[in-house]
Amino acid sequence: MIRLFKANEPSPLIVQDPPDGWTLPAGVVWIDLVAPSRREELAIEACLGFSIPTPEDMAEIEATSRLYRQNDALFITVDLLHHTDALLPESRPVTFILSPQPLVTVRYSEPRAFTLVGDRFDREPDLCAGPFRVLVHLFDAVVDRMADVLERISAEVEHVSDDIFVDPGRTRYAQAIKRLGAAQHASARIANSLAGIDRALTFILLDDALDRRPETREHLLAMARDIQSLQAHIGMVAQSVEFQLNAALGLINIEQSGIIKIFSVAAVAFMPPTLIASIYGMNFEHMPELTQTWGYPAALVAMVISAILPLWVFKKRGWL
C-alpha cells in the first residue's frame, strides 16, 4: 500500500497497485510504503529514480548497509518498536529515504508513531510542510513513544519490586522472574532502537546537503540529548532488573533451604522414636517389658521424650 501526504493537506491519498504509467501527484512531501508489493515499488522507483530497499536489505545490521548516501538521497534504516502495548514489544526495521524529493518511508510493520504523526497532520496540516520536517516529526514521535513504553516498563519493574520485597511470602517467583525477563528484553529492544536513531541523527547532522538552519540543527541536537537521557534511564532499569532477579533467586534459595531444614529437623526428631518402636517391634522371646503392664505406656513416653528432646536442643541453640 502507498500512502501519499501532500503539503498542508490533512488526509493521505491511498494508492494500491498503481497502473502502468502512473505518476506521482503534485505537492506530495511524504510517501509511506506499507508492506509494498513489487508493482508498487517499481512505480515509486520510476517516479523518483532510485531503488527501494527490499526486506532483506533492511534486515542487514552493518552500519554501511543502514546509513548511506546514494546520489542525492540519504538511506537511513533503524529498528522501530511495534505492538508496544504488549508485554514484550516487537521490533522491525524501517527505512527512511531523505532527498530533495518527497520523503519515502518503507516499513513492514505498524509502529504507533506513524499513526500518531498521521493524526497530528490531520489536526494541524501546516506541520506537513516538507520532507525534512516530516522526518523530524516522525523521529520526535518515535522517541516520545519509546519514552512512554520505557515509562510503562519502569512501572512494571517497580510493581515486581513491591511483590518481591514488600510481601515476599506470597510472591509467585516464577511469574515475577518472567515479568522481569520481559522487561529486560523490551528495554534492550528500546536501547537498540534508540542507538539506531542516535546514529541516524549524527549521520544527518554531518551531511552538508541538508537543511543547515540553526533552529533545525538545534532541534536535532535536542532530540539527541533526549535519546541520551533515555539511554541512561534504560541503564538504570537494567540494573534494577538485574538486582531484582538476583534478589528473587536468593529468596527462592532461602525458601528452599527453609523447606530442607524442616525436613531435616523432622527426620532427626522422628529418628529416636522410630528406633524405640523398631526395638519393641522385634519378635524376641526374652523381652521383659512385653509382659509388663507398664511396658506399652513406658514405650510411648520414651518415644515422646526422645522426639521432644532434639527439638528442645535445636531451639536452645538457635537452629530453629
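A few points on the structure. (Residues numbered from 1 in each chain as written. Predicted model: local features only at pLDDT ≥ 70, side-chain atom pairs only at ≥ 80, totals over all residues. Heavy atoms only, no water.)

To continue, consider the environment of Ala 129. For Ala 129, the location among the structural elements is in the loop between helix 4 (112–123) and helix 5 (131–165). Given the relative accessible area of 48%, Ala 129 is considered partly exposed. Spatially, the C-alpha atom of Ala 129 lies 27 Å from that of Gly 21, the residues being 108 residues apart in sequence. With residues near it in sequence (within four places) discarded, Ala 129 still touches Ala 7 and Val 29. (Helix = DSSP H or I, 4+ residues; strand = E, 2+ residues; numbered from the N terminus. Buried < 20%, exposed > 50% of the residue type's maximum accessible area, 1.4 Å probe, protein only. Contact = heavy atoms within 4.5 Å.)

Moving on to the side chain of Ser 161. With respect to the secondary-structure elements, Ser 161 resides in helix 5. Excluding its chain neighbours within four sequence positions, the residues that come into contact with Ser 161 are Val 166 and Gln 244.

Think of a pair of aromatic rings as described by two things: how far the centres are apart, and how the planes are tilted against each other in angle. Evaluation of the coordinates by the stated rule reveals nine aromatic pairs. Taken together, a centroid distance of 6.3 Å and an interplanar angle of 25 degrees make the contact between Phe 96 and Phe 114 stacked. Here Phe 96 is found in strand 6 (residues 90–98), whereas its partner Phe 114 is found in helix 4, with 18 residues between them in sequence. Phe 114 shares its class with Phe 96; the two are buried. Centre to centre, the rings of Phe 165 and Phe 243 are 5.8 Å apart; their planes meet at 20 degrees, and the pair counts as stacked. Of this pair, Phe 165 sits in helix 5 while Phe 243 sits in helix 7 (residues 214–279), and the two are 78 residues apart along the sequence. Accessibility expressed as a relative area gives 40% for Phe 165, which makes it partly exposed. The class of Phe 243 is exposed, set by a relative accessible area of 52%. (Phe/Tyr/Trp six-rings, centres within 6.5 Å; stacked < 30°, edge-to-face > 60°.)

Turning to a nonpolar patch on the surface, a few remarks are in order. A grouping of Leu 275, Ile 279, Tyr 280, Met 282 and Leu 290 is seen on the molecular surface, where their side chains present a nonpolar patch of about 440 Å² in accessible area. Mapped onto the elements of the fold, Leu 290 is located in the loop between helix 7 and helix 8 (295–316). Residue classification places Leu 290 among the partly exposed residues on the basis of a relative accessible area of 48%. (Patch = residues over 30% accessible without salt bridge, like charges linked within 9 Å, V, L, I, M, F, W, Y side chains within 5 Å. Areas by Shrake-Rupley, 256 points an atom, 1.4 Å probe, with all protein chains shown as cover. Salt bridge = Lys/Arg side-chain N within 4 Å of Asp/Glu carboxyl O.)

Right, let's talk about the pairing of strand 3 (residues 28–34) for a bit. Extensive coverage of strand 3 is indicated by the burial of seven of its seven residues. Looking at chain direction, strand 3 and strand 7 (residues 103–107) are connected through five bridges and run parallel. In the sheet register, Leu 33 faces strand 7, and the bridge partner there is Val 106. (Pairing = 2+ DSSP bridges.)

What follows is about the sheet that holds strand 6. Taking strand neighbours across the sheet as the criterion, the seven strands line up as 2-1-3-7-6-5-4 in an open arrangement whose pairing is mixed. The open sheet terminates on both sides in strands that have one partner only, identified here as strand 2 (13–15) and strand 4 (67–70). Strand-to-strand, the axes of this sheet are offset by a mean angle of 20 degrees, without reference to chain direction. Running over the sheet, helix 5 touches strand 3, strand 5 (73–82), strand 6 and strand 7 and is turned about 165 degrees from strand 6. Those strands touched by helix 6 (residues 173–205) are strand 4, strand 5 and strand 6, and its axis lies near 160 degrees from that of strand 5. (Axes fitted to C-alpha atoms, helices over the stretch in contact; angles between N-to-C directions.)

The next subject is the packing of helix 4 against helix 5. Between helix 4 and helix 5, whose axes approach to 9 Å, the crossing angle comes to 125 degrees. Here helix 4 lies oblique to helix 5, going by the angle between them. Crossing handedness for the pair helix 4 and helix 5: right-handed. Each of Arg 112, Ala 113, Phe 114, Val 117, Arg 120 and Phe 121 in helix 4 lies in contact with helix 5, whose residues at this interface are Val 134, His 137, Leu 138, Ala 141, Val 142 and Arg 145. (Parallel < 35°, antiparallel > 145°, perpendicular 65-115°, else oblique. Left-handed = near helix turned anticlockwise from the far one by under 90°.)

Most often, soluble globular proteins have nonpolar side chains that are buried together. Trp 30, Phe 96, Phe 139, Ile 190 and Ile 197 are the most contacted members of the largest nonpolar core, which has 55 residues in total. Elements represented by at least two residues in this core include exactly strand 3, strand 5, strand 6, helix 4, helix 5, helix 6 and helix 7. No other element matches the 16 residues that helix 5 contributes to this core. Beyond its immediate sequence surroundings of up to four residues, Phe 96 is in contact with Leu 74, Phe 75, Ile 76, Val 78, Leu 80, Val 104, Thr 105, Phe 114, Leu 135, Leu 138 and Phe 139. (Core = buried A, V, L, I, M, F, W, Y, C linked by side-chain atoms within 4.5 Å.)

The next subject is helix 4. Between the first and last C-alpha of helix 4 there are 17 Å, a value that for twelve residues agrees with the 16 Å anticipated at 1.5 Å per step. Ala 113, Phe 114, Val 117, Gly 118 and Phe 121 are the residues of helix 4 that are buried. Seen along its axis, helix 4 keeps its buried residues to an arc of 135 degrees; they face one direction. Buried positions along helix 4 lie against strand 1 (2–6), strand 3, strand 5, strand 6, strand 7 and helix 5. (Expected span 1.5 Å × (residues − 1). Arc of directions from axis to C-beta.)

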